[in-house]
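# Architecture and fold: a report
For reference, the chains in residue letters:
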Amino acid sequence: MAKITSNILVDVSGGKDVYNALAKAVSAAGLGKSVQVAAVDGFGVKAEGAVVKVLPSGGYYTGVAPEDADRIVQAAASGEGGSPVPAYTTNVRVALKNVGYIDPASIDDYIATRGYEALGGCLTNNTPQDVIAAVKASGLRGRGGAGFPTGLKWEFAGKSAGDKKYVICNADEGDPGAFMDRSVLEGDPHAVLEAMAICGYAIGADEGVIYCRAEYPLAVARLENAINQAEALGLLGDNILGTGFSFKISINLGAGAFVCGEETALINSIEGQRGEPRLKPPFPAAAGLWMKPSNVNNVETYACVRHIFLNGPEWFAGIGTEKSKGTKVFALAGKINNVGLIEVPMGTTLREIIYDIGGGIRGGKQFKAIQTGGPSGGCIPASLLDLPIDYESLASVGSMMGSGGLIVMDEDDCMVNIARYYLDFTVEESCGKCTPCRIGNMRLLEMLEEITSGKGKPEYINELRELGEVIKDASLCGLGQTAPNPVLSTMHYFMDEYEAHIRDHKCPAGACSALLKYVIDPEKCTGCTLCARNCPVDCIAGERRKTHVIDQERCIKCGTCMAKCRFGAISRV
Amino acid sequence: MAKLGSLDELKKYAAARSVGRADKTVLAVGAATCGIAAGAKDTIKALEDAIKANGVSGAEVVETGCLGFCYAEPLVEVRAPGAVPVRYAGVDAALARRIIKEHIIGGAVVEGAILSKEVPR
Ligand SMILES: Cc1cc2nc3c(=O)[nH]c(=O)nc-3n(C[C@H](O)[C@H](O)[C@H](O)COP(=O)(O)O)c2cc1C
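Here goes a summary of the coordinates provided. (Residues numbered from 1 in each chain as written. Chains lettered and ligands numbered in written order. Predicted model: local features only at pLDDT ≥ 70, side-chain atom pairs only at ≥ 80, totals over all residues. Heavy atoms only, no water.)

### Some points on the overall build of chain A
Here is the rule we go by: Helix and strand assignments come from DSSP, with helices taken as H or I runs of at least 4 residues and strands as E runs of at least 2, each series counted from the N terminus. Burial classes: relative accessible area under 20% of the type maximum marks a residue as buried, over 50% as exposed, and values in between as partly exposed (1.4 Å probe, protein chains only). Note on contacts: a residue pair qualifies if any of its non-hydrogen atoms lie within 4.5 Å across the two residues. Here the accessible surface of atoms and residues is derived via Shrake-Rupley with a 1.4 Å probe, and residues count as covered only by protein chains that are part of the display.
Helix and strand counts for chain A stand at 22 helices and 17 strands. Considering only C-alpha atoms, chain A reaches an extent of 90 × 80 × 40 Å along its principal axes. Counting every position in chain A, which comprises 573 residues, the buried fraction comes to 58%. Relative to all contacts within chain A whose residues are 6 or more apart in sequence, the contacts with residues 24 or more apart total 68%. Total accessible area on chain A stands at roughly 22,400 Å², and carbon and sulfur atoms take up 50% of it.

As structure tokens, then:
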């Protein structure tokens with residue numbers, strides 16, 4: 001078989017003129033055996049007009065007209081052509097640098113990407129104080145939720161006196177819809193191990209514990225494999241790289257309680273106690289695991305660390321916004337076309353994330369809100385789409401960075417129901433230790449359940465707000481302190497929806513099943529009996545060729561009848 | 001395996017290794033939990049079987065982490081020496097066999113299956 005040596009990829013999402021011209025030019029030049037023209041559906045690069053990409057060089061042509069075909073074919077055949085253009089997705093990959101690139105089961109792959117060089121450099125050339133100073137200078141802040149400056153945290157743990165200290169990696173990742181940490185652990189486990197060892201050297205610890213949820217068996221297997229490989233090469237264990245520094249890492253499995261992601265509850269869980277938060281202070285940096293000074297960081301936080309040393313703290317501090325440095329990994333989910341895992345510099349706008357990277361709203365529907373920060377966060381409306389995201393900006397609009405889940409909602413989502421969903425989650429996951437969280441959130445949920453079933457009273461608006469503020473002020477840990485956020489933020493931006501439920505007993509989005517009913521239009525109904533035959537609860541009555549009627553008492557609002565009706569006679573009101 | 005005794009030894013060890021192979025085309029399959037759930041294990045087997053069945057010597061299949069495009073799993077990235085990578089989306093066993101036949105052996109990309117969204121490293 002003759003071998004094709006160059007490929008010309010044409011974006012045909014805007015039409016096939018250029019594609020046809022190129023195909024013609026290839027056969028006219030008699031290059032059909034060595035040059036292939038192939039259609040693709042978009043490249044994800046920022047460019048005007050028709051875009052063509054040439055392989056193997058990977059260069060682009062932009063704004064291509066059919067007249068350019070001969071020139072492009074000749075260039076491609078001679079193995080050149082095109083120039084780079086910027087991609088929509090920014091090219092800053094830090095935490096995900098190796099994820100999807102290296103073989104996570106191969107320590108050689110990792111070392112080939114300068115793996116363990118940052119650790120070796122720190123141990124050989126830097127004092128622990130230097131290491132802490134570099135992390136501080138980078139501006140790195142915790143990626144697990146609160147955004148606390150990582151260098152400062154290491155400094156506190158370093159300064160705490162103690163014969164024994166611990167480095168803990170929080171890999172509990174409990175936010176619904178979040179999978180950033182899992183992807184890092186499964187795709188680049190050594191990056192986390194290396195950073196934990198660097199932290200151990202910085203704070204004076206010789207032992208690390210990774211607290212990983214048991215629902216992540218592949219992440220655990222890859223971590224175990226990575227630990228064994230690193231020990232075999234002398235990159236973990238005793239006398240690392242002959243420097244006299246020793247560091248061991250073990251894995252502790254969590255059983256899937258959301259509150260065990262909170263650092264003090266996590267520490268309790270490792271100790272075999274109930275997964276309940278402890279009163280702070282003392283902070284873990286002073287008295288953590290087994291009451292010894294401990295540093296707790298999130299997986300993604302650790303995954304950034306080696307790059308700070310390989311490229312310099314200034315490099316890291318040069319990415320992002322004034323107060324939020326570096327990049328953030330987000331799990332993009334919900335009503336969006338391109339569901340996936342993305343990494344963008346801090347300061348990227350929500351609009352860029354949703355439309356350029358996420359490809360817009362599924363089914364061409366209207367964007368309504370984006371939820372950030374999981375059960376602790378809030379919903380951000382369309383009017384704030386140009387918000388550059390960082391820790392401060394998200395907090396200023398009543399949400400938070402959280403761990404990086406982004407859930408996109410469209411016109412069919414009811415914001416009261418969304419708030420109810422998150423509250424349902426936090427009530428389920430509350431450990432019950434403190435009253436504001438245990439009882440208060442339950443009361444919030446009860447009110448929301450009444451509102452979404454049309455039984456809400458006007459005074460609930462004030463009661464929700466007041467109780468929400470009290471729960472935030474009085475709860476023991478971050479779970480309770482943030483649980484009312486989804487309610488308060490949706491009340492702030494979508495009060496009209498709350499009012500419609502309470503005053504008019506209507507769900508404007510048509511999502512709250514208790515507030516809608518299916519009705520048959522007697523004008524349009526032909527009495528074909530199709531709806532009645534398909535109704536799963538047999539609640540539609542009517543004789544053949546006579547108007548049918550739905551028994552609203554028994555109707556379960558599944559919508560099957562509306563989907564089946566061939567005459568558009570059934571509507572949801 | 002001997003332990004590395006110093007930073008210099010680590011650097012020498014690193015210099016002798018590379019992720020890509022100068023003499024081989026690598027077929028990297030996204031095999032994180034997400035990819036596996038979407039069928040990456042079947043994809044890997046189909047690619048390996050096709051490589052064997054066609055007597056291809058210059059290609060090998062490796063597993064890698066999540067490439068980030070959940071909506072397009074299972075994903076295969078073809079990395080030929082000296083060429084920019086080409087990503088294929090929704091690679092089931094049939095498409096895997098076509099990739100080996102048409103792309104690896106014939107040099108022609110498999111039309112209609114390319115995910116060329118740029119995520120530079
Ligand atoms: C209810 C609750 C759940 C949490 N879950 C997680 C989690 O799953 N992963 C995580 O890294 N941090 C979680 N945190 C934050 C941790 O308490 C802690 O702030 C974090 O691990 C510190 O690491 P960082 O500074 O690197 O972000 C949670 C906090 C609360 C209050």
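On we go.
### Some details on the state of the cysteines
Residues and elements named next belong to chain A. The condition is simple: Disulfides are defined as pairs of cysteine sulfur atoms found within 2.5 Å of each other.
A complete count under the given rule lists zero disulfides over all chains for this structure. Here C199 stays unpaired: no disulfide links it, and the sulfur of C169, its closest cysteine neighbor, is 10 Å away. Residue C199 is classed as buried on the basis of its relative accessible area, which comes to 0%. Take C437: it sits in no disulfide, and the sulfur closest to it among the cysteines is that of C434, at 5.1 Å.

### Overview of the site of the ligand
Residue and element names in this part refer to chain A. Applicable threshold: Only a single heavy atom is needed: when it lies within 4 Å of a molecule or strand, its residue is near that molecule or strand. Any pair of N or O atoms that falls within 3.5 Å is considered a polar contact. Within protein, one atom must be able to donate a hydrogen and the other to accept it, and sequence-neighbouring residues count only if both atoms are side-chain atoms. Using a grid of 1 Å spacing that covers the protein atoms alone, one calls a set of points a cavity when a 1.4 Å probe fits there but cannot get out, and a pocket when the set is open and has protein on both sides within 12 Å along at least five of seven lines; lining residues are those with an atom within 4 Å of a point. For this analysis, a molecule is said to be in a pocket or cavity if more than half of its atoms are within 2 Å of the grid points defining it.
Taken together, 19 residues are adjacent to the ligand, and G144, K153, N297, N298 and T301 come closest. Residue R143 places a main-chain N or O atom 3.4 Å away from an oxygen atom belonging to the ligand. A distance of 2.8 Å is found between an oxygen atom of the ligand and a side-chain nitrogen or oxygen belonging to N297. Taken by itself the ligand offers 610 Å² of open surface, and the protein chains cover 90% of this. When atoms are counted within 2 Å of each cavity's grid points, the one that captures over half of the ligand is the largest pocket. Secondary structure elements with two or more residues in the shell around the ligand: strand 8 (294–298) and helix 18 (478–482). Here the shell around the ligand gets three residues from one element, more than from any other, and that element is strand 8.

### Notes on the environment of G261 of chain A
All names here are of chain A. For G261, the position within the fold is in the loop between strand 7 (248–254) and helix 10 (263–270). What makes G261 partly exposed here is its relative accessible area of 25%. A sequence separation of 50 residues divides G261 from Y211, and the C-alpha atoms of the two residues are 8.8 Å apart.

### What about the sheet that holds strand 3 (residues 52–55) of chain A?
Residue and element names in this part refer to chain A. For the record, the criterion: Following DSSP output, two strands are said to pair if at least two bridges run between them. To get an axis, a line is fitted to the C-alpha atoms, and for a helix only the part in contact is used. The angle between two axes follows their N-to-C directions and goes from 0 to 180 degrees.
Ordered by their spatial adjacency, four strands build an open sheet running 2-1-3-4, and the pairing between neighbours is mixed. Lying at the two open borders of the sheet, with one neighbouring strand each, are strand 2 (35–40) and strand 4 (60–61). Strand direction decides the pairing type here: strand 1 (residues 6–11) and strand 3, joined by four bridges, are antiparallel. Residue pairing in the sheet places L9 in a bridge with K53 of strand 3. Its contacts with the sheet place helix 1 (residues 17–28) against strand 1, strand 2 and strand 3, and it is angled at close to 170 degrees to strand 2.

### Some thoughts on the nonpolar core
Rule in force here: We define a nonpolar core as any set of buried Ala, Val, Leu, Ile, Met, Phe, Trp, Tyr and Cys residues linked to one another through side-chain atoms lying within 4.5 Å. Domain borders in the structure are assigned automatically or taken from a domain database.
Residues Y116, W154, L235 and F247 of chain A are the most contacted members of the largest nonpolar core, which totals 79 residues. The element best represented in this core is helix 8 (residues 189–203) of chain A, accounting for 11 residues. Domain assignment of the residues forming this core places at least three in each of domain 2 (107–317) and domain 3 (327–410) of chain A. Contact partners of F247 of chain A, with chain neighbours within four places excluded, come to V167, M196, A197, G200, A205, D206, E207, G208, L236, G237 and I240 of chain A. Grouped together as the second largest cluster of nonpolar side chains are 36 residues, V85 of chain A together with Y88, A96 and I99 of chain B included.

### Side note on the packing of helix 17 (residues 460–474) of chain A against helix 20 (residues 495–503) of chain A
All names here are of chain A. Stated formally: With respect to orientation, any angle under 35 degrees is reported as roughly parallel, any angle over 145 as roughly antiparallel, any angle of 65 to 115 as roughly perpendicular, and every other angle as oblique. For this scheme, ten residues count as nonpolar: Ala, Val, Leu, Ile, Met, Phe, Trp, Tyr, Cys and Pro. Four count as charged, namely Asp, Glu, Lys and Arg, and the remainder, Gly too, count as polar.
Here helix 17 crosses helix 20 at 130 degrees, and the two axes come no closer than 11 Å. When the interaxial angle is binned, helix 17 and helix 20 end up oblique. Counted together, I461, L464 and R465 of helix 17 and M495, Y498 and I502 of helix 20 form the full contact between these two elements. The residue makeup of the contact of helix 17 with helix 20, split by class, is five nonpolar, no polar and one charged.

### Some thoughts on the interface of chain A and chain B
Which entries qualify depends on this criterion: Computed with a 1.4 Å rolling probe, the buried area is the accessible surface lost when two parts are put together, summed over both parts. Whenever a carboxyl oxygen of Asp or Glu lies within 4 Å of a side-chain nitrogen of Lys or Arg, that contact is scored as a salt bridge.
Of the residues lining the interface, 64 residues belong to chain A; the matching set on chain B comes to 50 residues. Counting each side, the surface lost to burial between chain A and chain B is near 4,600 Å², with a carbon and sulfur contribution of 58%. Of all residues in chain A, Y101, L233 and L241 of chain A bury the most surface against chain B, accounting for 13% of the area lost on that side. If you look at where chain A meets chain B, you find two salt bridges.

### So, the side chain of E77 of chain B
All names here are of chain B. Considering the arrangement of structural elements, one finds E77 in strand 3 (residues 76–79). The exposure class of E77 is buried, given its relative accessible area of 1%. Polar contacts involving the side chain of E77 include one to the side chain of R79, which spans 2.7 Å. Polar side-chain contacts of E77 include one of 2.8 Å to the side chain of R87.

### Here we look at the layout of surface pockets
Residue and element names in this part refer to chain A. For the record, the criterion: Grid points are joined across faces, edges and corners, and a volume is the space filled by probe spheres set on the points.
In this structure, the largest pocket occupies an estimated 1,200 Å³ of space. Those elements that place two or more of their residues in the lining of the largest pocket are helix 6 (150–159), strand 8 and helix 18. In terms of residues, the lining of the largest pocket owes the most to one element, strand 8, which gives five residues. Along the lines of polarity and charge, the residues of the lining of the largest pocket split into 16 nonpolar, 19 polar and 10 charged.

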